[in-house]
Amino acid sequence: MRLSGPGIFGPPKDRDAALAVLREAVASGVNHIDTSDYYGPHITNQLIHDALHPYPRDLVIVTKIGARRGEDASIMPAFSPEELTQAVHDNLRNLGLDVLDVVNFRNMLGTSDAALETLKASLTVLAELQRQGLVRHIGLSGVTPAQIAEGRNICRIECVQNQYNLAHRDDDALIDDLGCDRIAYVPFFPLGGFTSLQSSTLSGVAQRLGATPSQVALNWLLQRPTVSTVVIVSADCCTSTRWRRER
């Protein structure tokens, strides 16, 4: 996300640095990159392509659809069949792929009945694109347990990507339930989002361990046996993942 310009819009200030971050991430063991073609838009996927293509065989690139960018950098829902299909093709083109490893549908409408109907209709479109061989696996992002249950009536859900970190633990029970069904849980904003986690307790633990608060927060996440992946690829830090091993 942050490899593109300010506000996740436009090109980065230093393109060479962005490419170097991606290459160093993979060299350091990262095997799961979370992206979307509306980052930039298009910019982040183009950077991934230019830095890493042809991709290592064990690298999983996970993208998401369901939103688009306005000319003013706004993020808007984009869930019509035409928009979803175009988004898949945009991701394929900019990443230089014939098939996308995993595509998450990003719920942009909250928890209303309308959001649930939109989710089901959107997954029906994604399932058809999967049958066409353009998508290998389907996931969900920004969803509730009820929405996941409804989604599983449409297609196999490979992973769920929600906000989860030391300070935001609403999905504790959901993580356990998904683990029982062997559905990967992928936490976004593992270090707090656009503002890093701030906690005197976290800082105190880090100081006692001779570590940084970010390292402690990431290790806390990795102690959850059903949290399958922690991914950060940005100008700030990179951390490897456990996606392949736990699938």
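Since the structure is predicted, the reported quantities are computational estimates derived from the model, not experimental observations.

What counts, and at which threshold
- Residues numbered from 1 in each chain as written.
- Predicted model: local features only at pLDDT ≥ 70, side-chain atom pairs only at ≥ 80, totals over all residues.
- Heavy atoms only, no water.
- Buried < 20%, exposed > 50% of the residue type's maximum accessible area, 1.4 Å probe, protein only.
- Helix = DSSP H or I, 4+ residues; strand = E, 2+ residues; numbered from the N terminus.
- Pairing = 2+ DSSP bridges.
- Right-handed = clockwise from strand over helix to strand, strands pointing away.
- Axes fitted to C-alpha atoms, helices over the stretch in contact; angles between N-to-C directions.
- Parallel < 35°, antiparallel > 145°, perpendicular 65-115°, else oblique.
- Contact = heavy atoms within 4.5 Å.
- Nonpolar A, V, L, I, M, F, W, Y, C, P; charged D, E, K, R; others polar.
- Disulfide = S-S within 2.5 Å.

Visitor: Which residues make up the pairing of strand E7 (residues 159-163), and what values do they have?
Guide: For E7, a buried count of four out of five residues is recorded, marking the element as mostly surrounded by other parts of the structure. Alignment of strand E6 (residues 135-141) against E7, held across three bridges, turns out to be parallel. Bridging from a neighbouring strand, Ser141 pairs with Gln161 of E7. Across five bridges, the pairing between E7 and strand E8 (residues 184-188) is parallel. Bridging across to E8, Cys159 finds its partner in Ala184. Taken together, E7, helix H6 (residues 172-180) and E8 form a β-α-β motif whose crossover is right-handed.

Visitor: Give me the lowdown on the environment of Tyr38, citing residues and values where you can.
Guide: Within the secondary structure, Tyr38 is located in the loop between strand E1 (32-34) and helix H2 (43-52). The sequence separation of Tyr38 and Glu150 amounts to 112 residues, and the corresponding C-alpha distance is 26 Å.

Visitor: I'd like a rundown of the packing of helix H7 (residues 200-209) against helix H8 (residues 213-222), residues and numbers included.
Guide: Running from N to C, H7 and H8 point in directions that differ by 100°, and their axes come no closer than 8 Å. Put simply, H7 runs roughly perpendicular to H8. For the pair H7 and H8, contact is made by Leu202, Ser203, Val205, Ala206 and Leu209 and by Pro213, Val216 and Ala217, respectively. Taken together, the residues that form the contact of H7 with H8 break down as seven nonpolar, one polar and no charged.

Visitor: I'd like to hear about the state of the cysteines, residue by residue, with values.
Guide: On inspection of all chains with the given rule, the structure shows zero disulfides. Not engaged in a disulfide, the cysteine Cys155 finds its nearest cysteine sulfur in Cys159; these two sulfurs lie 11 Å apart. Overall, the relative accessible area of 9% leaves Cys155 in the buried class. With no disulfide of its own, Cys180 lies 18 Å from the sulfur of Cys159, the closest cysteine sulfur.

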